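Take a look at the letters that make up each chain.
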Amino acid sequence: MTKFEKLLDNKQLKKTIPRLKVLETLSSTEFASSQPFLEKTLGKTVDRVTLYRVLKSFENNGIIHKIIDDNGTANYAICKSDCNSVKHNHNHVHFICAICNKIYCLSNAPLIEYDFSDEFEIETIEVITRGKCKNCK
Ligand SMILES: [Zn+2]
Ligand SMILES: [Zn+2]
Ligand SMILES: [Zn+2]
């Protein structure tokens, strides 16, 4: 079994070809993949509706997380293994390159934990940093 098949098994998702293809594509880049990028890369192997469904099920099961870029486009990155359907734990900062617009997960940049529990119950914290990535510096 490949690591992607194992991942789907662990999440009790059926090991379908589109799911495996999407996982492969998402893992093949170090930056987050936008939906248009995935559509282009997957070509005819996964149609648009299937892609949408696969991404939704991955998101709901803690396999990927979404980062919205400046154009409002959703970008997807693979989650660390401790995410699940109940809790996505993205304790990291995101980086958007001003030149190539690619989005990176900065896994080594942990987020500050805030506690406003008497007033607000925080579910997600998103921190976006900007600059030039290593390819554009
Ligand atoms: Zn997650
Ligand atoms: Zn760049
Ligand atoms: Zn991330």
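For the structure, check the block above.
Rules and cut-offs
Residues numbered from 1 in each chain as written. Chains lettered and ligands numbered in written order. Predicted model: local features only at pLDDT ≥ 70, side-chain atom pairs only at ≥ 80, totals over all residues. Heavy atoms only, no water. Helix = DSSP H or I, 4+ residues; strand = E, 2+ residues; numbered from the N terminus. Buried < 20%, exposed > 50% of the residue type's maximum accessible area, 1.4 Å probe, protein only. Polar contact = N/O pair within 3.5 Å; in protein donor to acceptor, adjacent residues only side chain to side chain. Contact = heavy atoms within 4.5 Å. Patch = residues over 30% accessible without salt bridge, like charges linked within 9 Å, V, L, I, M, F, W, Y side chains within 5 Å. Areas by Shrake-Rupley, 256 points an atom, 1.4 Å probe, with all protein chains shown as cover. Salt bridge = Lys/Arg side-chain N within 4 Å of Asp/Glu carboxyl O. Donors = N, O, S within 2.8 Å, 3.2 Å for Na, K, Ca; no water. Tetrahedral: all angles 85-135°; square planar, octahedral: opposite > 155°, others 65-115°. Phe/Tyr/Trp six-rings, centres within 6.5 Å; stacked < 30°, edge-to-face > 60°. Lys NZ or Arg CZ within 6 Å of the ring centre and 35° of its normal. Expected span 1.5 Å × (residues − 1).

1. Here's the deal with the environment of S117
Looking at the secondary structure, you find S117 in the loop between β5 (103–106) and β6 (128–131). Taking relative accessible area as the criterion, S117 reaches 58% and is therefore assigned exposed. For the pair formed by S117 and C100, sequence separation is 17 residues and the distance between their alpha carbons is 39 Å. A polar side-chain atom of S117 sits 2.9 Å from a polar atom in the side chain of D115.

2. Regarding the side chain of S34
Relative to the helices and strands, S34 resides in strand β1 (residues 33–34). By relative accessible area, which is 14% here, S34 ends up buried. Within the local environment of S34, its side chain forms a polar contact with the backbone nitrogen of F37, the two atoms lying 3.1 Å apart. With near-sequence residues (within four places) excluded, S34 lies in contact with T73, A74 and N75.

3. Overview of a nonpolar patch on the surface
A cluster of nonpolar side chains, namely I112, Y114, F116, F120 and I122, defines an oily patch on the protein surface of about 520 Å² accessible area. By secondary structure assignment, the location of I122 is in the loop between β5 and β6. On the accessibility criterion, I122 (36% relative accessible area) is partly exposed.

4. Here we look at the coordination of the zinc ion (ligand 2)
The zinc ion (ligand 2) binds to the protein through C97 (SG), C100 (SG), C133 (SG) and C136 (SG); the donor distances cover 2.3 to 2.4 Å. One can describe the site at the zinc ion (ligand 2) as tetrahedral: its four donor atoms subtend angles covering 104 to 115 degrees at the metal. By relative accessible area, C136 is classed as partly exposed at 22%.

5. Side note on the packing of aromatic side chains
Tallying each qualifying case throughout the model produces three aromatic pairs. Between the aromatic rings of F31 and F37, the centroid separation amounts to 5.9 Å while the plane-to-plane angle is 70 degrees, which identifies the pairing as edge-to-face. Judged by relative accessible area, which is 27%, F37 ranks as partly exposed. Ring geometry for Y114 and F116: centres 6.1 Å apart, planes at 10 degrees, overall stacked. Overall, the relative accessible area of 38% leaves F116 in the partly exposed class. In this structure an aromatic cluster arises from ring pairing among F31, F37 and Y104. Across the ring face of F31, the terminal group of K102 is positioned such that the distance to the ring centre comes to 4.8 Å.

6. Points about the environment of F37
Its place among the elements puts F37 in helix α3 (residues 35–42). The spacing of F37 and Y76 is 39 residues in sequence and 10 Å in space, taken between C-alpha atoms. Contact partners of F37, with chain neighbours within four places excluded, come to T25, T29 and F31.

7. A word on helix α4 (residues 48–60)
For α4, which comprises 13 residues, the first-to-last C-alpha distance of 18 Å matches the rise-based estimate of 18 Å (1.5 Å per residue) to within 8%. Along α4, the residues classified as buried are L51, V54, L55, S57, F58 and E59. Where the residues of α4 are buried, they touch α1 (3–10), α2 (17–27), α3, β2 (64–68) and β3 (74–78). Capping the start of α4, D47 holds a side-chain oxygen 3.1 Å from the backbone nitrogen of V49, two or three residues further along. Backbone geometry just after α4 places G62 at a positive phi near 75 degrees.

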